[in-house]
Amino acid sequence: MAKSAIRTQVGIVGAGPAGLLLSHLLHLAGIDSIVLESRSRQYVEERVRAGLLEQGSVETLTEAGVADRLHREGLVHHGIELRYDGIGHRIPLTDLTGRVVTIYGQQEVVKDLIASRLAAGAHRDHAPILFEVEDVAVHDVTGDTPRITFRHAGEDSEIQCDFIGGCDGFHGVCRPSIPELRIYERAYPFGWLGILSRSRPVSEELIYARHTDGFALATMRSNTVSRLYLQCAPDEDLALWPDDRIWAELHKRLGCGEELEEGEIFQKGVTPMKSFVCETMRHGRLFLAGDAAHIVPPTGAKGMNLAIADIRVLARGLERFYGQQDTELLERYAETCLRRVWKGQRFSWWMTSMLHLFGANDPFEHKVQVAELDYVCHSKAAMTTLAENYVGLPFEV
Ligand code: APR
Ligand code: PHB
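Residues numbered from 1 in each chain as written. Chains lettered and ligands numbered in written order. Predicted model: local features only at pLDDT ≥ 70, side-chain atom pairs only at ≥ 80, totals over all residues. Heavy atoms only, no water.

A few points about the site of ligand 1
Residues in close proximity to ligand 1 total 25 residues, the closest being Glu 37, Arg 47, Arg 49, Gln 106 and Asp 291. One of the backbone N or O atoms of Pro 17 is found 3.2 Å from an oxygen atom in ligand 1. Within the side chain of Asp 291, a nitrogen or oxygen atom sits 2.7 Å from an oxygen atom of ligand 1. Listed by contribution, the elements that provide at least two residues to the shell around ligand 1 are helix H1 (17–28) and helix H8 (303–324). Per-element accounting of the shell around ligand 1 gives the leading share, 3 residues, to H8. Here the shell around ligand 1 is built from residues that sort into 11 nonpolar, 8 polar and 6 charged. (Near = heavy atom within 4 Å. Polar contact = N/O pair within 3.5 Å; in protein donor to acceptor, adjacent residues only side chain to side chain. Helix = DSSP H or I, 4+ residues; strand = E, 2+ residues; numbered from the N terminus. Nonpolar A, V, L, I, M, F, W, Y, C, P; charged D, E, K, R; others polar.)

Have a look at this one:
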(Lines give C-alpha, C1' and ligand atoms only; values in the text may rest on other atoms or scores of the structure.)
(Ligands and ions follow the chains in the order given, each with its own letter.)
Protein backbone atom coordinates (compact mmCIF):
# COMPACT_ATOMS: atom_id res chain seq x y z
CA MET A 1 0.00 0.00 0.00
CA ALA A 2 1.28 3.52 -0.81
CA LYS A 3 2.52 5.45 2.15
CA SER A 4 1.45 9.02 2.76
CA ALA A 5 4.23 11.14 4.26
CA ILE A 6 3.72 14.15 6.52
CA ARG A 7 6.44 16.64 7.30
CA THR A 8 6.61 18.34 10.69
CA GLN A 9 9.34 19.74 12.94
CA VAL A 10 8.73 17.57 16.02
CA GLY A 11 6.94 14.20 15.92
CA ILE A 12 5.49 13.31 19.32
CA VAL A 13 4.44 9.81 20.41
CA GLY A 14 1.79 9.76 23.16
CA ALA A 15 -1.05 12.11 24.15
CA GLY A 16 -0.63 12.03 27.93
CA PRO A 17 0.27 15.17 29.89
CA ALA A 18 3.87 15.00 28.60
CA GLY A 19 3.17 14.73 24.85
CA LEU A 20 0.28 17.18 24.87
CA LEU A 21 2.11 19.83 26.90
CA LEU A 22 5.18 19.49 24.65
CA SER A 23 3.02 20.00 21.56
CA HIS A 24 1.30 22.99 23.14
CA LEU A 25 4.51 24.72 24.34
CA LEU A 26 6.09 24.19 20.90
CA HIS A 27 2.99 25.67 19.25
CA LEU A 28 3.33 28.77 21.46
CA ALA A 29 6.95 29.04 20.27
CA GLY A 30 5.90 28.75 16.61
CA ILE A 31 7.25 25.19 16.25
CA ASP A 32 5.11 22.68 14.37
CA SER A 33 4.42 19.20 15.79
CA ILE A 34 2.08 16.22 15.45
CA VAL A 35 1.02 13.98 18.34
CA LEU A 36 0.34 10.29 17.63
CA GLU A 37 -1.81 8.49 20.21
CA SER A 38 -2.73 4.80 20.15
CA ARG A 39 -5.93 5.21 22.19
CA SER A 40 -9.12 7.11 21.38
CA ARG A 41 -9.72 10.67 22.54
CA GLN A 42 -12.48 9.45 24.85
CA TYR A 43 -10.21 6.82 26.40
CA VAL A 44 -7.40 9.24 27.28
CA GLU A 45 -9.89 11.82 28.56
CA GLU A 46 -11.53 9.31 30.88
CA ARG A 47 -8.47 7.39 32.09
CA VAL A 48 -8.39 7.86 35.87
CA ARG A 49 -4.97 8.68 37.30
CA ALA A 50 -3.60 10.70 40.22
CA GLY A 51 -4.42 14.36 40.55
CA LEU A 52 -2.08 16.54 42.57
CA LEU A 53 -0.25 19.46 40.97
CA GLU A 54 2.74 21.21 42.50
CA GLN A 55 2.56 24.99 42.45
CA GLY A 56 5.25 25.07 39.74
CA SER A 57 3.15 22.77 37.55
CA VAL A 58 0.13 25.05 37.97
CA GLU A 59 2.32 28.04 37.10
CA THR A 60 3.61 26.26 33.99
CA LEU A 61 0.06 25.50 32.79
CA THR A 62 -1.05 29.05 33.66
CA GLU A 63 1.79 30.68 31.73
CA ALA A 64 0.92 28.39 28.81
CA GLY A 65 -2.68 29.70 28.86
CA VAL A 66 -4.32 26.33 29.56
CA ALA A 67 -5.30 26.75 33.21
CA ASP A 68 -8.62 28.67 33.19
CA ARG A 69 -10.68 25.64 34.25
CA LEU A 70 -7.89 24.49 36.56
CA HIS A 71 -8.15 27.80 38.44
CA ARG A 72 -11.97 27.56 38.55
CA GLU A 73 -12.28 23.91 39.56
CA GLY A 74 -8.95 22.94 41.16
CA LEU A 75 -8.90 22.67 44.95
CA VAL A 76 -6.03 24.62 46.51
CA HIS A 77 -4.49 22.93 49.57
CA HIS A 78 -2.31 24.46 52.28
CA GLY A 79 -1.52 21.35 54.30
CA ILE A 80 -1.76 17.56 54.54
CA GLU A 81 -2.36 15.22 57.46
CA LEU A 82 -0.18 12.27 58.44
CA ARG A 83 -2.08 9.77 60.59
CA TYR A 84 -0.48 6.95 62.59
CA ASP A 85 -1.37 5.07 65.75
CA GLY A 86 -4.86 6.49 65.19
CA ILE A 87 -3.81 10.13 65.63
CA GLY A 88 -3.61 12.81 62.93
CA HIS A 89 -0.80 15.38 62.63
CA ARG A 90 -1.06 18.32 60.24
CA ILE A 91 1.90 19.32 58.08
CA PRO A 92 1.27 23.02 57.33
CA LEU A 93 2.75 23.10 53.82
CA THR A 94 2.09 26.77 53.13
CA ASP A 95 3.26 28.04 56.52
CA LEU A 96 6.48 26.10 56.05
CA THR A 97 7.17 26.89 52.37
CA GLY A 98 4.91 29.75 51.26
CA ARG A 99 3.58 27.46 48.53
CA VAL A 100 0.41 25.46 47.82
CA VAL A 101 -0.59 22.31 45.93
CA THR A 102 -3.72 21.90 43.82
CA ILE A 103 -5.99 18.89 43.42
CA TYR A 104 -7.08 18.54 39.77
CA GLY A 105 -7.39 15.13 38.07
CA GLN A 106 -4.74 14.27 35.50
CA GLN A 107 -7.44 13.51 32.94
CA GLU A 108 -8.75 17.06 33.40
CA VAL A 109 -5.29 18.40 32.50
CA VAL A 110 -5.36 16.07 29.48
CA LYS A 111 -8.85 17.33 28.43
CA ASP A 112 -7.75 20.97 28.69
CA LEU A 113 -4.61 20.37 26.63
CA ILE A 114 -6.45 18.38 23.95
CA ALA A 115 -9.12 21.09 23.66
CA SER A 116 -6.46 23.73 23.31
CA ARG A 117 -4.45 21.81 20.69
CA LEU A 118 -7.57 21.05 18.63
CA ALA A 119 -8.82 24.63 18.91
CA ALA A 120 -5.54 25.82 17.40
CA GLY A 121 -6.73 23.92 14.31
CA ALA A 122 -4.98 22.17 11.51
CA HIS A 123 -1.53 23.53 10.77
CA ARG A 124 0.48 23.04 7.59
CA ASP A 125 -2.31 20.74 6.36
CA HIS A 126 -2.18 18.23 9.17
CA ALA A 127 -4.25 17.67 12.31
CA PRO A 128 -2.38 18.45 15.56
CA ILE A 129 -3.26 15.08 17.15
CA LEU A 130 -4.01 11.72 15.52
CA PHE A 131 -5.86 9.31 17.82
CA GLU A 132 -6.16 5.54 17.42
CA VAL A 133 -2.95 5.11 15.47
CA GLU A 134 -1.46 1.61 15.25
CA ASP A 135 1.96 0.03 14.72
CA VAL A 136 3.93 3.12 15.70
CA ALA A 137 7.69 2.72 15.16
CA VAL A 138 10.54 5.25 15.27
CA HIS A 139 13.41 5.15 12.73
CA ASP A 140 16.73 6.88 11.91
CA VAL A 141 16.88 8.72 15.24
CA THR A 142 20.67 8.97 15.16
CA GLY A 143 20.56 10.85 11.82
CA ASP A 144 19.27 14.35 11.03
CA THR A 145 15.91 13.25 9.63
CA PRO A 146 14.17 10.80 11.96
CA ARG A 147 10.89 9.19 10.89
CA ILE A 148 7.88 7.71 12.61
CA THR A 149 5.84 5.08 10.77
CA PHE A 150 2.29 4.15 11.77
CA ARG A 151 -1.13 3.14 10.50
CA HIS A 152 -4.08 5.49 10.78
CA ALA A 153 -7.61 4.94 9.50
CA GLY A 154 -6.46 1.86 7.61
CA GLU A 155 -3.63 3.67 5.83
CA ASP A 156 0.14 3.29 6.30
CA SER A 157 1.68 6.68 6.99
CA GLU A 158 4.99 8.24 7.88
CA ILE A 159 6.05 11.39 9.68
CA GLN A 160 9.35 12.98 8.69
CA CYS A 161 10.67 15.31 11.35
CA ASP A 162 13.74 16.91 12.96
CA PHE A 163 13.16 15.50 16.46
CA ILE A 164 10.99 12.89 18.18
CA GLY A 165 9.38 13.35 21.58
CA GLY A 166 9.07 9.90 23.16
CA CYS A 167 6.12 10.67 25.46
CA ASP A 168 4.44 7.28 25.20
CA GLY A 169 4.44 6.27 28.84
CA PHE A 170 5.99 3.27 30.54
CA HIS A 171 4.66 0.68 28.04
CA GLY A 172 5.41 2.69 24.91
CA VAL A 173 7.63 1.86 21.93
CA CYS A 174 10.17 4.70 22.13
CA ARG A 175 12.26 3.56 25.11
CA PRO A 176 12.60 -0.05 23.84
CA SER A 177 13.81 1.29 20.46
CA ILE A 178 17.02 2.57 22.11
CA PRO A 179 19.76 -0.09 21.85
CA GLU A 180 21.42 0.39 25.24
CA LEU A 181 19.61 1.73 28.26
CA ARG A 182 20.92 2.67 31.70
CA ILE A 183 18.13 1.61 34.03
CA TYR A 184 17.61 1.72 37.80
CA GLU A 185 14.53 0.17 39.36
CA ARG A 186 12.87 -1.11 42.48
CA ALA A 187 9.63 -3.05 42.73
CA TYR A 188 7.53 -2.85 45.90
CA PRO A 189 5.69 -5.85 47.33
CA PHE A 190 2.36 -4.01 47.14
CA GLY A 191 0.06 -1.88 45.00
CA TRP A 192 -2.79 0.58 45.60
CA LEU A 193 -6.46 -0.22 45.19
CA GLY A 194 -8.05 3.11 44.22
CA ILE A 195 -11.73 4.06 44.12
CA LEU A 196 -13.81 7.07 43.16
CA SER A 197 -16.93 7.52 45.26
CA ARG A 198 -19.83 9.95 45.13
CA SER A 199 -19.32 11.23 48.66
CA ARG A 200 -17.96 14.33 50.30
CA PRO A 201 -14.26 14.19 51.23
CA VAL A 202 -13.44 12.93 54.74
CA SER A 203 -11.59 16.15 55.46
CA GLU A 204 -10.65 19.31 53.57
CA GLU A 205 -7.04 18.12 53.36
CA LEU A 206 -5.48 14.83 52.24
CA ILE A 207 -4.95 12.16 54.90
CA TYR A 208 -1.98 9.79 54.54
CA ALA A 209 -2.55 6.99 57.08
CA ARG A 210 -0.11 4.38 58.29
CA HIS A 211 -1.88 1.38 59.82
CA THR A 212 -0.62 -2.02 60.98
CA ASP A 213 -2.84 -3.60 58.26
CA GLY A 214 -1.45 -1.33 55.54
CA PHE A 215 -1.46 2.22 54.17
CA ALA A 216 -4.56 4.22 53.22
CA LEU A 217 -4.97 7.63 51.57
CA ALA A 218 -8.04 9.84 51.55
CA THR A 219 -8.01 12.42 48.78
CA MET A 220 -10.70 13.93 46.54
CA ARG A 221 -11.66 15.24 43.13
CA SER A 222 -14.30 17.77 44.23
CA ASN A 223 -16.51 18.60 47.18
CA THR A 224 -18.80 15.73 46.16
CA VAL A 225 -16.34 13.12 44.84
CA SER A 226 -13.81 11.30 47.04
CA ARG A 227 -10.74 9.46 45.80
CA LEU A 228 -9.64 6.78 48.27
CA TYR A 229 -6.74 4.34 48.16
CA LEU A 230 -5.79 1.20 50.10
CA GLN A 231 -2.48 -0.64 50.08
CA CYS A 232 -3.08 -4.08 48.55
CA ALA A 233 -1.17 -6.89 46.84
CA PRO A 234 0.50 -5.79 43.56
CA ASP A 235 -1.69 -8.24 41.63
CA GLU A 236 -4.76 -7.88 43.86
CA ASP A 237 -7.93 -9.47 42.49
CA LEU A 238 -10.66 -6.79 42.50
CA ALA A 239 -13.29 -9.55 42.62
CA LEU A 240 -12.21 -10.10 46.24
CA TRP A 241 -13.06 -6.49 47.07
CA PRO A 242 -16.82 -5.93 47.12
CA ASP A 243 -17.78 -2.41 48.20
CA ASP A 244 -18.51 -3.44 51.80
CA ARG A 245 -15.01 -4.78 52.26
CA ILE A 246 -13.47 -1.61 50.80
CA TRP A 247 -15.46 0.63 53.14
CA ALA A 248 -14.70 -1.52 56.20
CA GLU A 249 -11.00 -1.45 55.43
CA LEU A 250 -11.00 2.31 54.81
CA HIS A 251 -12.83 2.96 58.08
CA LYS A 252 -10.34 0.84 59.99
CA ARG A 253 -7.13 2.11 58.39
CA LEU A 254 -8.13 5.79 58.31
CA GLY A 255 -9.54 5.53 61.85
CA CYS A 256 -12.69 7.27 60.63
CA GLY A 257 -16.24 7.27 61.92
CA GLU A 258 -19.16 9.04 60.25
CA GLU A 259 -16.91 11.57 58.56
CA LEU A 260 -16.08 8.83 56.03
CA GLU A 261 -19.28 8.85 53.99
CA GLU A 262 -19.98 5.65 52.03
CA GLY A 263 -21.11 6.87 48.62
CA GLU A 264 -21.63 5.03 45.35
CA ILE A 265 -18.30 3.61 44.16
CA PHE A 266 -18.16 4.34 40.42
CA GLN A 267 -14.56 3.43 39.62
CA LYS A 268 -12.17 0.80 41.03
CA GLY A 269 -8.65 -0.10 39.93
CA VAL A 270 -5.36 -1.59 41.13
CA THR A 271 -1.97 -0.01 40.41
CA PRO A 272 1.23 -1.94 41.17
CA MET A 273 3.99 0.24 42.57
CA LYS A 274 7.49 0.69 41.29
CA SER A 275 10.37 3.11 41.12
CA PHE A 276 12.06 3.20 37.70
CA VAL A 277 14.56 5.54 36.06
CA CYS A 278 15.93 5.21 32.56
CA GLU A 279 18.91 7.57 32.59
CA THR A 280 19.20 7.27 28.81
CA MET A 281 16.63 10.00 28.23
CA ARG A 282 18.10 10.93 24.86
CA HIS A 283 19.29 8.85 21.93
CA GLY A 284 20.31 10.97 18.94
CA ARG A 285 17.22 13.00 18.09
CA LEU A 286 14.82 10.92 20.21
CA PHE A 287 14.02 12.43 23.62
CA LEU A 288 12.15 10.45 26.29
CA ALA A 289 9.95 12.39 28.72
CA GLY A 290 7.54 11.59 31.56
CA ASP A 291 6.57 7.98 32.28
CA ALA A 292 8.50 6.77 29.21
CA ALA A 293 11.66 7.57 31.19
CA HIS A 294 10.65 7.28 34.84
CA ILE A 295 7.98 5.91 37.16
CA VAL A 296 7.49 6.82 40.81
CA PRO A 297 5.25 5.21 43.41
CA PRO A 298 2.28 7.59 43.85
CA THR A 299 2.85 8.24 47.58
CA GLY A 300 4.75 11.46 46.87
CA ALA A 301 2.30 12.58 44.14
CA LYS A 302 5.19 13.30 41.76
CA GLY A 303 4.30 11.41 38.51
CA MET A 304 2.55 14.13 36.54
CA ASN A 305 4.74 16.86 38.04
CA LEU A 306 7.96 15.19 36.89
CA ALA A 307 6.47 14.78 33.41
CA ILE A 308 5.66 18.51 33.28
CA ALA A 309 9.18 19.40 34.51
CA ASP A 310 10.82 17.25 31.76
CA ILE A 311 8.71 18.98 29.13
CA ARG A 312 9.72 22.43 30.32
CA VAL A 313 13.35 21.46 29.76
CA LEU A 314 12.70 19.81 26.39
CA ALA A 315 10.53 22.63 25.02
CA ARG A 316 13.14 25.20 26.03
CA GLY A 317 15.90 23.15 24.38
CA LEU A 318 13.94 22.86 21.12
CA GLU A 319 13.10 26.58 21.15
CA ARG A 320 16.79 27.37 21.55
CA PHE A 321 17.63 25.03 18.67
CA TYR A 322 15.10 26.53 16.26
CA GLY A 323 15.66 30.13 17.40
CA GLN A 324 19.45 30.18 17.63
CA GLN A 325 20.67 26.94 16.03
CA ASP A 326 22.15 26.19 19.45
CA THR A 327 22.02 22.55 20.62
CA GLU A 328 23.53 23.08 24.07
CA LEU A 329 20.29 22.81 26.06
CA LEU A 330 19.26 19.71 24.11
CA GLU A 331 22.63 18.13 24.77
CA ARG A 332 22.18 18.75 28.49
CA TYR A 333 18.53 17.53 28.46
CA ALA A 334 19.01 14.22 30.31
CA GLU A 335 21.44 15.63 32.84
CA THR A 336 19.14 18.58 33.62
CA CYS A 337 16.01 16.43 33.97
CA LEU A 338 17.69 13.68 35.97
CA ARG A 339 18.71 16.02 38.78
CA ARG A 340 15.03 16.66 39.49
CA VAL A 341 13.92 13.11 38.63
CA TRP A 342 16.23 11.57 41.25
CA LYS A 343 15.05 14.01 43.92
CA GLY A 344 11.46 13.09 43.06
CA GLN A 345 12.41 9.41 43.16
CA ARG A 346 14.06 9.78 46.55
CA PHE A 347 11.08 11.61 48.00
CA SER A 348 8.54 9.13 46.59
CA TRP A 349 10.58 6.16 47.85
CA TRP A 350 10.95 7.78 51.28
CA MET A 351 7.23 8.58 51.68
CA THR A 352 6.42 5.04 50.50
CA SER A 353 8.91 3.45 52.91
CA MET A 354 7.64 5.44 55.87
CA LEU A 355 3.95 4.69 55.37
CA HIS A 356 3.54 1.15 53.95
CA LEU A 357 3.56 -2.27 55.48
CA PHE A 358 6.46 -4.15 53.84
CA GLY A 359 6.34 -7.45 55.69
CA ALA A 360 3.71 -8.76 58.07
CA ASN A 361 4.88 -9.37 61.65
CA ASP A 362 7.94 -7.19 61.47
CA PRO A 363 7.99 -5.38 64.83
CA PHE A 364 11.27 -3.64 64.02
CA GLU A 365 9.83 -2.11 60.84
CA HIS A 366 6.80 -0.97 62.82
CA LYS A 367 8.89 0.76 65.52
CA VAL A 368 11.20 2.48 63.03
CA GLN A 369 8.30 3.77 60.89
CA VAL A 370 6.49 5.16 63.91
CA ALA A 371 9.72 6.77 65.14
CA GLU A 372 10.22 8.37 61.74
CA LEU A 373 6.64 9.66 61.60
CA ASP A 374 6.98 10.98 65.16
CA TYR A 375 10.13 12.82 64.17
CA VAL A 376 8.63 14.21 60.96
CA CYS A 377 5.51 15.43 62.76
CA HIS A 378 7.32 17.04 65.67
CA SER A 379 10.52 18.49 64.23
CA LYS A 380 10.14 21.70 62.26
CA ALA A 381 13.28 20.84 60.27
CA ALA A 382 11.92 17.42 59.31
CA MET A 383 8.44 18.63 58.41
CA THR A 384 9.96 21.42 56.33
CA THR A 385 11.96 18.81 54.43
CA LEU A 386 8.76 16.92 53.67
CA ALA A 387 6.85 20.10 52.82
CA GLU A 388 9.38 21.58 50.39
CA ASN A 389 9.60 18.33 48.45
CA TYR A 390 5.82 17.85 48.48
CA VAL A 391 5.00 21.33 47.12
CA GLY A 392 7.77 20.88 44.52
CA LEU A 393 11.45 21.81 44.46
CA PRO A 394 12.40 24.88 42.37
CA PHE A 395 12.83 24.32 38.64
CA GLU A 396 16.31 24.43 37.12
CA VAL A 397 17.29 27.97 36.25
N1 APR B 1 1.88 4.78 20.18
C2 APR B 1 1.17 5.90 20.48
N3 APR B 1 0.81 6.23 21.73
C4 APR B 1 1.16 5.40 22.71
C5 APR B 1 1.91 4.22 22.47
C6 APR B 1 2.27 3.93 21.14
N7 APR B 1 2.96 2.84 20.83
N8 APR B 1 2.11 3.60 23.66
C9 APR B 1 1.52 4.35 24.60
N10 APR B 1 0.94 5.44 24.05
C11 APR B 1 0.19 6.51 24.71
C12 APR B 1 -0.68 6.05 25.86
O13 APR B 1 -1.94 5.58 25.41
C14 APR B 1 -0.80 7.33 26.67
O15 APR B 1 -1.93 8.10 26.27
O16 APR B 1 1.12 7.38 25.31
C17 APR B 1 0.48 8.10 26.35
C18 APR B 1 1.38 8.21 27.54
O19 APR B 1 0.74 9.00 28.52
P20 APR B 1 0.92 8.77 30.10
O21 APR B 1 0.99 7.32 30.39
O22 APR B 1 -0.13 9.59 30.76
O23 APR B 1 2.38 9.34 30.40
P24 APR B 1 2.94 10.83 30.53
O25 APR B 1 2.33 11.74 29.52
O26 APR B 1 4.40 10.68 30.63
O27 APR B 1 2.35 11.33 31.91
C28 APR B 1 2.87 10.90 33.13
O29 APR B 1 0.96 9.66 33.81
O30 APR B 1 0.92 7.48 34.68
C31 APR B 1 0.86 8.81 34.96
O32 APR B 1 1.83 8.92 37.11
C33 APR B 1 2.01 9.21 35.78
O34 APR B 1 1.07 11.22 36.30
C35 APR B 1 2.07 10.63 35.50
C36 APR B 1 1.73 10.80 34.09
C1 PHB C 1 -4.81 11.74 44.13
O2 PHB C 1 -5.54 12.71 44.43
O3 PHB C 1 -5.17 10.90 43.29
C4 PHB C 1 -3.51 11.59 44.81
C5 PHB C 1 -3.08 12.56 45.69
C6 PHB C 1 -1.88 12.39 46.37
C7 PHB C 1 -1.12 11.27 46.16
C8 PHB C 1 -1.54 10.30 45.26
C9 PHB C 1 -2.74 10.45 44.59
O10 PHB C 1 0.03 11.11 46.85
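From this point on, the discussion continues.
Brief notes about the nonpolar core
Leu 22, Leu 53 and Leu 61 are the most contacted members of the largest nonpolar core, which totals 70 residues. Considering every element that reaches this core, the biggest residue donor is H8, with 9 residues. Apart from the residues lying within four places of it in its own chain, the contact partners of Leu 61 are Leu 21, Leu 53, Val 66, Ala 67, Leu 70, Val 109 and Ile 308. Formed by 36 residues, the second largest nonpolar core is a distinct cluster that contains Leu 93, Phe 215, Val 370 and Ala 387. (Core = buried A, V, L, I, M, F, W, Y, C linked by side-chain atoms within 4.5 Å. Buried < 20%, exposed > 50% of the residue type's maximum accessible area, 1.4 Å probe, protein only. Contact = heavy atoms within 4.5 Å.)

A look at the pairing of strand S7 (residues 87–91)
Note: strand S6 (residues 80–84) against S7, 5 bridges, orientation antiparallel. Looking at S7, one finds that Leu 82 is bridged to His 89. (Pairing = 2+ DSSP bridges.)

A few points about the sheet that holds strand S5 (residues 75–77)
What the 3 strands build is an open sheet, ordered S4-S8-S5; its pairing is antiparallel. Two strands close off the open sheet at either side, each with one partner strand: strand S4 (52–54) and S5. Direction aside, neighbouring strands of the sheet carry axes that sit 30° apart on average. Relative to the sheet, helix H12 (residues 380–391) contacts S4 and strand S8 (101–103), its axis offset from that of S4 by approximately 100°. (Axes fitted to C-alpha atoms, helices over the stretch in contact; angles between N-to-C directions.)

Some words on unusual backbone geometry
At Ala 301, a residue that is not glycine, the phi angle is positive and equals roughly 60°. Along the polypeptide, Ala 301 turns up in the loop between strand S21 (294–295) and H8. Phi is positive for Asn 361, close to 55°, though the residue is something other than glycine. Along the chain, Asn 361 falls in the loop between helix H10 (333–355) and helix H11 (363–378).

A word on the site of ligand 2
Around ligand 2, the structure places 14 residues, and the nearest of them are Tyr 208, Thr 219, Arg 221, Tyr 229 and Pro 298. Between ligand 2 and the protein, one listed contact pairs an oxygen atom with a side-chain N or O atom of Arg 221 at 2.7 Å. Separating an oxygen atom of ligand 2 from a backbone N or O atom of Pro 298 is a distance of 2.8 Å. Relative to its unbound accessible area of 280 Å², ligand 2 is 100% covered by the protein chains. Considering only residue class, the shell around ligand 2 consists of 9 nonpolar, 3 polar and 2 charged. (Areas by Shrake-Rupley, 256 points an atom, 1.4 Å probe, with all protein chains shown as cover.)

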